[in-house]
Amino acid sequence: MPTDKEIEDANETIIDQIVELSNQAENHANEQEFKKAIQLRQQTIQLSEQYFGLDHKRTLMYKTILAFYYRNQGRWSDAENLDRDVLARRRKVLGKEHDEIAKSLSNLALDLNGQGRYDESMEFLRQSADMLVRTKGKDNRASVTSLHNLANSYAHAGRYEDAASIHESTLQSRIRMFGKTNVETIIAIDTLAMDYVGLGELARARQLQEEAVELAKTHLGPTHDSTIKCISNLGSTYRKSGDAPTNWIESLETAVRECRKPGQDYTPATIGIINTLALAYGEGGRAKDAKPLFVECYDWSTTTLGRNHPHTDVARQNLEWVLEETGELVWAPAIIADATGIS
């Protein structure tokens, strides 16, 4: 029979393994190597469930992080399954109203939003924001994040004035809390700009987006997902305004090359900027250059999001458009099937 000291040492060894796996997963995620990060996080969860239990706060935290990794890879359904499990277990342990439950509601809303289930997403975001403001106050970080996400859902619904009003407030809160160089602040600047795009205020949007791109490049680095998304959104605004700098396509090309460096996993942001470059090529009379990029976007969307996802529909329309431009539309079904491996 093991002694108390042997049991204590064994317990410390298991905890050390859990912490080490968790740290390794986070390191890979920070390097945008999400496939490896997911594998390590799954191992972390398995050990944590065995040692701490299914309902332990540490186990649930690890599951929440894994769901974040899934969202980053566009695996919205996998993220939803995890977040629903976490929400149910937190409710069982914490009751109906708690800031951790509100965070779970917000995470679940992001999963639903990624699947195009906008009405469901908005309802969960409203519940989350209301709960966090009641339990934490309006200037709390979690409250600000939840309000920011609620504003995002308004933007998806075309309620740009409502979205801009909340995004302006959350941006000012983040500047007060973190300064302008923090990733959350940079995201808030870029998101507010997209509201102004929706409102047709392109000059105002462009000014904010150019600021966000410079901040992201300087403080996050060229391969960070938020940097890529900021560049992509700025490129879209340039396209809409018809008054782009002469080197903006070169900037997109540079960003796409950075995304494709060895070890970099594709994310929704990666596909977003590839799509933006493809549109720029197509509208600039370079349909042949645009075609392989649109095929790449369609392939990823079909494989990752599914054939019936709204983003896949957009990718299909873009591909059909460029095939028409190149005189190959009659071959579109064969090309699409070949690109996705589906017959």
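In this text, all values refer to a predicted model and were calculated from it rather than measured experimentally. (Residues numbered from 1 in each chain as written. Predicted model: local features only at pLDDT ≥ 70, side-chain atom pairs only at ≥ 80, totals over all residues. Heavy atoms only, no water.)

Chemist: Kindly report on the packing of aromatic side chains, identifying the contributing residues and their values.
Modeler: Working definition: an aromatic ring pair is given by the centre-to-centre distance plus the angle between the planes. Counted by the stated rule, this structure contains five aromatic pairs. Seen in terms of ring centroids, Y51 and F52 are 4.9 Å apart; in terms of plane orientation they differ by 90°. Their pairing is edge-to-face. In this structure Y51 comes out as partly exposed when scored by relative accessible area, which is 29%. On the basis of an interplanar angle of 75° and a centroid distance of 5.9 Å, the ring pair of Y238 and W248 is categorised as edge-to-face. Of this pair, Y238 sits in helix 11 (residues 225–241) while W248 sits in helix 12 (residues 248–259); the two residues are 10 residues apart in sequence, bridging distant segments of the chain. Through pairs of rings, three or more aromatic residues link up here, namely F34, F68 and Y69. (Phe/Tyr/Trp six-rings, centres within 6.5 Å; stacked < 30°, edge-to-face > 60°. Buried < 20%, exposed > 50% of the residue type's maximum accessible area, 1.4 Å probe, protein only. Helix = DSSP H or I, 4+ residues; strand = E, 2+ residues; numbered from the N terminus.)

Chemist: Can you lay out the nonpolar core for me, pointing to particular residues and giving the numbers?
Modeler: One finds L252, I273, L277, F294, L319 and V322 to be the most contacted residues of the largest nonpolar core, which totals 49 residues. Of all the secondary-structure elements, those providing two or more residues to this core are helix 8 (160–178), helix 9 (183–198), helix 10 (202–219), helix 11, helix 12, helix 13 (268–283), helix 14 (287–304) and helix 15 (310–325). For this core, the element with the highest residue contribution is helix 13, accounting for nine residues. In contact with V322, not counting residues within four places along its chain, are A287, A290, K291 and F294. Core analysis: the next-biggest nonpolar cluster, separate from the first, contains 21 residues, L108, L125, A142 and L150 among them. (Core = buried A, V, L, I, M, F, W, Y, C linked by side-chain atoms within 4.5 Å. Contact = heavy atoms within 4.5 Å.)

Chemist: Now, about the environment of V183: what can you tell me, with residues and values included?
Modeler: Within the secondary structure, V183 is located in helix 9. When near neighbours in sequence (up to four residues on either side) are disregarded, V183 contacts L220, H224 and S226.

Chemist: Summarise the packing of helix 7 (residues 141–156) against helix 9; cite the residues concerned and give the values.
Modeler: Relative orientation of the contacting elements helix 7 and helix 9 amounts to 25°, with a least axis distance of 11 Å. One finds that helix 7 runs roughly parallel with respect to helix 9. Both helix 7 and helix 9 take part in a crossing whose hand is left-handed. Here R141, T145, H148, N152 and A155 of helix 7 lie close against helix 9, whose contacting residues are E184, I187, A188, T191 and D195. (Axes fitted to C-alpha atoms, helices over the stretch in contact; angles between N-to-C directions. Parallel < 35°, antiparallel > 145°, perpendicular 65-115°, else oblique. Left-handed = near helix turned anticlockwise from the far one by under 90°.)

Chemist: Break down the pattern of salt bridges for me, citing the residues and quoting the values.
Modeler: Between side chains of opposite charge, pairing is possible as soon as their charged atoms come close. Under the criterion given, the structure shown has 30 salt bridges. Taking the shortest distance from any N to any O, the salt bridge between D162 and R159 comes out at 3.0 Å. Overall, the relative accessible area of 35% leaves D162 in the partly exposed class. (Salt bridge = Lys/Arg side-chain N within 4 Å of Asp/Glu carboxyl O.)

Chemist: Lay out the environment of Q39 in plain terms, naming residues and giving numbers.
Modeler: Within the element layout of this structure, Q39 appears in helix 2 (residues 34–51). A C-alpha to C-alpha distance of 7.9 Å links Q39 and A25, two positions 14 residues apart in sequence.

Chemist: Tell me about the side chain of E184, residues and numbers included.
Modeler: Within the secondary structure, E184 sits in helix 9. Residue E184 is classed as buried on the basis of its relative accessible area of 15%. A polar side-chain atom of E184 sits 2.2 Å from a polar atom in the side chain of R141. With residues up to four places along the chain from it excluded, the contact list for E184 reads R141, T145, R174 and F178. (Polar contact = N/O pair within 3.5 Å; in protein donor to acceptor, adjacent residues only side chain to side chain.)

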